[in-house]
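# Summary of the model geometry
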Protein chains: 2
Amino acid sequence: MAESRIYTAALIVIGDEILSGRTHDKNIAQIAAWLQVQGIRLKEVRVVADETPAIVEAVNALRTRNDYLFATGGIGPTHDDITVDAIAEALGVAVAVHPEARTILEGYYETRGGLTEARLRMARVPEGADLIPNRYTGAPGIRFGNIMIMAGVPQITAGMLDALSGQLEGGAVLLSETMGCWVQESEVAELLRLTEKAHETCQIGSYPFWRDGKTGANFVIRSVDAVDLAACCRALAEGLEAMNRPAVAGGI
Amino acid sequence: MAESRIYTAALIVIGDEILSGRTHDKNIAQIAAWLQVQGIRLKEVRVVADETPAIVEAVNALRTRNDYLFATGGIGPTHDDITVDAIAEALGVAVAVHPEARTILEGYYETRGGLTEARLRMARVPEGADLIPNRYTGAPGIRFGNIMIMAGVPQITAGMLDALSGQLEGGAVLLSETMGCWVQESEVAELLRLTEKAHETCQIGSYPFWRDGKTGANFVIRSVDAVDLAACCRALAEGLEAMNRPAVAGGI
């Protein structure tokens, strides 16, 4: 059955600024949430330095074992922007100026000082690639087969994801429900385990928290089957109720 | 020279909640920043699912090619907490209850309903491991040789990092300075490239931003050599000044 096929993606976040702790990455969560809506599951993420060998290794490890590979960062005009060259090297293709990207950049920079050599770097793509529109700052993202190359700046990547929405083949959307409970997760570990086991399409994640001196946990129940998901949620809520620990729908 | 040795670390973030986009990871930035202070560079990060084969693969890929390997997430009491078992499998060692961890948990849960079977799971370690204190919630982190296994909840990991401060051998601390400028980075790409080239111990990262309709960039200059770092910053500031784009020390 075509509908039972699971589509997966991997993401490579390229940037010394993430590895130094200077910048808090926002692209992992943003791309993960977007992929869910497309019916694609993010299976793994690697954060690598602005170094060609590190990028090449990650691209070659991930591009064949997932349906899609996303990369963010390193596609700007400066010397530390090496993503396009590194990915082309991994793919064994040349780098070429994409004529349409050049036209876009010429238009964007017409009133902004013109298309300099540095800016033209942003029109370079692995030869044979298509463009992903960037409605914010001209310089497009890049699609080469199942590889999507996007900006490091989260707002720009958000626009590129909008442009890609509905364009990638996906499978059944993974549905999820969250419920919270003022309980120590260790008290309900057995309930969680048994409830998950009784609903074979479902997975239950348990995420504890501490607030205002009180202990609680949110439980995230996931399934591609809406009926089984609802049954699992009902069973878990009843189990918590039976322990005098009422569940809070939607989480705490 | 011992001081020229560079120490590196890798980090494995374990958790479906990060890959689904539900939770925004905070451990990458927190551990990265802490490592910098210890004189250790975070070289790569992998985010993997709560699945044994994914964890085993990542551990075995990363544990030998870096001085240290950190892992966060999946060390709680519930069925989805499989990190200890998976790492033990990767190392080829058994899992055992650590007597001191058991004592800690007995004390912590004495007034909280007692040490149940689920809670005792949090005393399990790869056999031969040491403990990393957790002053918040009892359940300790785990150190096995060069591998540090920590909590997924960022506040708990913060406490574990405090406990480890100064305990790991590191090298020269990578120093960094940031300066901001209201300029399009494409205007200064050549200046950045030449300035970096002229200061061979330095690396310059360029991070553009858009605020209130204006374009700017922050430049992060890094080096282990304080003298060269200062010279590089001075040269870059002078170069920006010469373009009538004064630098803002500390960034914008």
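Now for a quick tour of the structure. Position numbers for residues count from 1 along each chain, tracking the sequence in the order it is written. Starting at A for chains and at 1 for ligands, labels are handed out in the order in which the entities are written. Local features in this predicted model are restricted to residues whose pLDDT is 70 or higher, and side-chain atom pairs enter the listing and the counts only when it is 80 or higher, whereas totals over whole chains, interfaces and linings include all residues.

### Looking at the interface of chain B and chain A
For every residue pair, C-beta atoms are placed from the backbone, and the pair is scored as a contact if these atoms sit within 7 Å. Every contact between the two is made by 46 residues of chain B and, on the other side, 46 residues of chain A. At the level of elements, α1 (16-19), α2 (27-38), β2 (40-48), α6 (117-120), α8 (189-198) and β10 (203-211) of chain B are the ones that each hand at least two residues to the side of chain B that touches chain A. Secondary structure follows DSSP: runs of H or I at least 4 residues long count as helices, runs of E at least 2 residues long count as strands, and numbering of each begins at the N terminus. At 7 residues, β2 of chain B tops the list of elements feeding residues into the side of chain B that touches chain A. Note that Gly is not counted as nonpolar here; it falls among the polar residues with everything else outside the nonpolar set of Ala, Val, Leu, Ile, Met, Phe, Trp, Tyr, Cys and Pro and the charged set of Asp, Glu, Lys and Arg. Class assignment for the residues of the side of chain B that touches chain A results in 20 nonpolar, 12 polar and 14 charged. A pair of strands is considered paired only if DSSP assigns at least 2 bridges between the two. Summarising the sheet, strand β2 (residues 40-48) of chain A and β2 of chain B pair through 5 bridges and their orientation is antiparallel. The residue bridging Glu 44 of chain A from the neighbouring strand is Val 48 of chain B, located in β2 of chain B.

### A word on the sheet that holds strand β11 (residues 214-223) of chain B
Within a sheet, neighbouring strands are paired by backbone hydrogen bonds and run either parallel or antiparallel to one another. All names here are of chain B. Pairing is antiparallel in the open sheet, where 4 strands are placed in the order β10-β11-β9-β12. Of all the strands in the sheet, just β10 and β12 (248-249) have a single pairing partner and so form its edges. Bridging between β10 and β11 involves 9 bridges; their strand directions are antiparallel. The partner of Pro 208 across the bridge, within β11, is Ala 217. Strand contacts of α8: β10 and β11, with the helix running at about 155° to β10, the strand carrying the most contacts. Working convention: axes come from line fits to C-alpha atoms, limited for helices to the stretch in contact. Angles between N-to-C directions cover 0 to 180 degrees.

### Brief notes about the nonpolar core
Among the nonpolar cores identified, the biggest contains 104 residues, and Leu 11 and Ile 87 of chain A together with Leu 11 and Ile 87 of chain B are the most heavily contacted of them. Setting aside its immediate chain neighbours within four residues, Leu 11 of chain A contacts Ile 28, Ile 31, Leu 42, Val 45 and Phe 70 of chain A. Think of a nonpolar core as buried Ala, Val, Leu, Ile, Met, Phe, Trp, Tyr and Cys residues chained together by C-beta atoms that fall within 7 Å. To sort residues by exposure, count the other C-beta atoms lying within 10 Å of each residue's C-beta; 20 or more gives buried, 12 or fewer gives exposed, and values between give partly exposed, all with C-beta atoms placed from the backbone.

### Details of helix α7 (residues 154-164) of chain B
Quick reminder: α-helices carry 3.6 residues per turn. Residues three or four places apart thus point the same way. All names here are of chain B. Within the sequence span of α7, burial applies to Ile 156, Thr 157, Met 160 and Leu 161. An end-on view of α7 places all buried positions within 140° of arc, on one side of the element. Each element contacted by the buried residues of α7 is listed here: α2, β3 (68-72), β6 (130-132), β7 (141-144) and β8 (147-150). Once α7 finishes, Gly 166 follows within two positions and takes phi at roughly 75°, a positive value. Here the arc refers to the set of directions running from the helix axis out to each C-beta atom.

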